[in-house]
Amino acid sequence: GLDLVLLDETRPIEEQGEFQLIVHKLTSELSDASEDRHNVLQRLQQYLSQHPQVQVVDPLERVQQLLDRPTVCRIMQKCEVRQPGHLPVLNPSFLVVPEQMQSVEQCTAVQEAMRASGVTFPVIAKQLQAHSVESAHRMALCFSLRHLAELKPPLLLQQFINHSAVLLKVFIIGDEFYTEYRPSIRNLSEDCEPAAIHFDSHQVSKPTSASDLNTVGALENPPVIDQAVIRVLVDRLRAETQLNLFGVDVIMEDETNKLYVIDINYFPGYAGVDNLPLAMTRFHWAHIIIFALFFILFFLTPVVLVLGS
């Protein structure tokens, strides 16, 4: 079996035992430049450099890419799925509004940039940082330039797509993935709201969410989403990010039935995975065995050959 040890991040790892695999969610440490958070990362990196036989899930530099929303959008663009006979999986149009654009006059420039990027109202305005800051999950639905002028850049504007208030959560654990339907934002139109709608994304997509932005009963008849297409998407995202533990949010557009990936997040809660301990155990054992074989073949074998020559 596996012995699970909760590491004390304030102490040297060597003092806490001998390990084959370290699993972490250090998104806060990667996002925060404070000395305490930096020390945690430094201790882990030093330990791994001194113990190359120990595997970490996932490497810090790979996790880093999911902490920046523009980078996430570019990843989603690269991993779009367009296969004959299947509905495409696309990335919503998006635009980064730089910090310099803070006046109403400069909103005209934003409007021109939106047109060039294919972004139309309504849009979801998000902070650029995706994790570990208080404002990361605070967003705004904007329906006009006037609404955008009320917000403080830098921002990422993502095209809002009507999807009948249903979201498909995809939970990835290594080669395996699991799906669960969740509540999401109700259908909107450009002229349906006189003011921007500010909300916390955590409050609209939990299994028990009952926000004013949700639609009662939406989950009673969710869209049928082809799991084979999700398989292709997951494989592409894993190949691009080289990550093992992450989640993907997928919606189906009402009018076209096209699928869109609207977010990727590292190490989600996995609340939608049945028998999570078994799934994690399978993943961990597979990685321990594969990495041990890799270490023997590529690290120890050359040493043996040199000593025997």
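Conventions and cut-offs
- Residues numbered from 1 in each chain as written.
- Predicted model: local features only at pLDDT ≥ 70, side-chain atom pairs only at ≥ 80, totals over all residues.
- Heavy atoms only, no water.
- Helix = DSSP H or I, 4+ residues; strand = E, 2+ residues; numbered from the N terminus.
- Buried < 20%, exposed > 50% of the residue type's maximum accessible area, 1.4 Å probe, protein only.
- Contact = heavy atoms within 4.5 Å.
- Areas by Shrake-Rupley, 256 points an atom, 1.4 Å probe, with all protein chains shown as cover.
- Lys, Arg positive; Asp, Glu negative; His and termini not counted.
- Charge placed at Lys NZ, Arg CZ, Asp CG, Glu CD.
- Salt bridge = Lys/Arg side-chain N within 4 Å of Asp/Glu carboxyl O.
- 1 Å grid on protein atoms, 1.4 Å probe; cavity = no way out; pocket = protein on both sides within 12 Å on 5 of 7 lines; lining within 4 Å.
- Points joined across faces, edges and corners; volume = space filled by probe spheres on them.
- Phe/Tyr/Trp six-rings, centres within 6.5 Å; stacked < 30°, edge-to-face > 60°.
- Pairing = 2+ DSSP bridges.
- Axes fitted to C-alpha atoms, helices over the stretch in contact; angles between N-to-C directions.
- pLDDT = per-residue confidence, 0-100.
- Nonpolar A, V, L, I, M, F, W, Y, C, P; charged D, E, K, R; others polar.

**Observations regarding the overall build of the protein chain**
Step number 1: Tallying secondary structure elements over the protein chain gives 8 helices and 12 strands in all.
Step number 2: Taken along the three principal axes of its C-alpha coordinates, the protein chain extends 75 × 45 × 35 Å.
Step number 3: Here the protein chain holds 309 residues, and the buried ones make up 46% of them.
Step number 4: Within the protein chain, contacts between residues separated by at least 24 positions form 69% of all contacts whose residues are at least 6 apart in sequence.
Step number 5: Carbon and sulfur atoms make up 53% of the accessible area of the protein chain, which amounts to about 16400 Å² in all.
Step number 6: Positive and negative charge centroids in the protein chain, built from 23 and 37 side chains respectively, lie 3 Å apart.

**Comments concerning the pattern of salt bridges**
Step number 1: In the structure shown here, the tally under the stated rule is 10 salt bridges.
Step number 2: The shortest N-O distance in the salt bridge between D175 and R238 comes to 2.5 Å. In this pair, D175 sits in the loop between β8 (166–173) and β9 (176–183) while R238 sits in helix α7 (residues 227–241), placing the two residues 63 residues apart along the sequence.
Step number 3: For D175, a relative accessible area of 56% gives the class exposed.
Step number 4: On the accessibility criterion, R238 (17% relative accessible area) is buried.

**As for empty space enclosed by the protein**
Step number 1: Evaluation of the coordinates by the stated rule reveals 3 cavities of 30 Å³ or more.
Step number 2: Empty space within the second largest cavity amounts to approximately 40 Å³.
Step number 3: Every residue lining the second largest cavity is listed: R69, V72, C73, M76, K126, L156, Q158, I262 and D263.
Step number 4: Going through the elements one at a time, α4 (69–78), β7 (155–159) and β12 (259–266) are the ones with two or more residues in the lining of the second largest cavity.

**Looking at the packing of aromatic side chains**
Step number 1: Summed over all chains, the structure comprises 3 aromatic pairs.
Step number 2: Relative to Y270, the ring of F267 has its centre 5.9 Å away and its plane inclined at 70°; by these criteria the two rings are edge-to-face.
Step number 3: The exposure class of Y270 is buried, given its relative accessible area of 3%.
Step number 4: Members of the aromatic cluster, each reached through a chain of ring pairs, are F171, Y266, F267 and Y270.

**Some details on the sheet that holds β7**
Step number 1: Read across the sheet, 5 strands follow the order β4-β7-β5-β6-β10 without closing on themselves; strand pairing throughout is antiparallel. Looking at strand neighbours, the two that pair on one side only are β4 (94–97) and β10 (197–200), the edges of this open sheet. Ignoring strand direction, the axes of neighbouring strands in this sheet form an average angle of 25°.
Step number 2: As paired strands, strand β6 (residues 138–142) and β10 are joined by 4 bridges and run antiparallel to one another. Bridging across to β10, R138 finds its partner in D200.
Step number 3: Its contacts with the sheet put α4 on β4, β5 (123–126), β6 and β7, and the angle it makes with β7 is roughly 35°.

**As for the confidence of the model for the protein chain**
Step number 1: Put simply, the protein chain has an average pLDDT of 88, and 91% of its residues get 70 or more.
Step number 2: Here residues 293–309 is a poorly scored stretch, pLDDT under 50, and it has 6 contacts once near neighbours within four places are set aside; other chains count.

**So, the layout of surface pockets**
Step number 1: The calculated volume of the largest pocket comes to roughly 960 Å³.
Step number 2: Every residue lining the largest pocket is counted, 30 residues in all, and those nearest its centre are V5, L7, L21, I22 and V23.
Step number 3: Within the residue set of the lining of the largest pocket, elements represented by two or more residues are β1 (21–23), α2 (35–50) and α8 (276–308).
Step number 4: Counting residues per element, the lining of the largest pocket draws most heavily on α8, at 7 residues.
Step number 5: Of the residues assigned to the lining of the largest pocket, the class counts are 18 nonpolar, 5 polar and 7 charged.
Step number 6: The volume enclosed by the second largest pocket comes to roughly 710 Å³.

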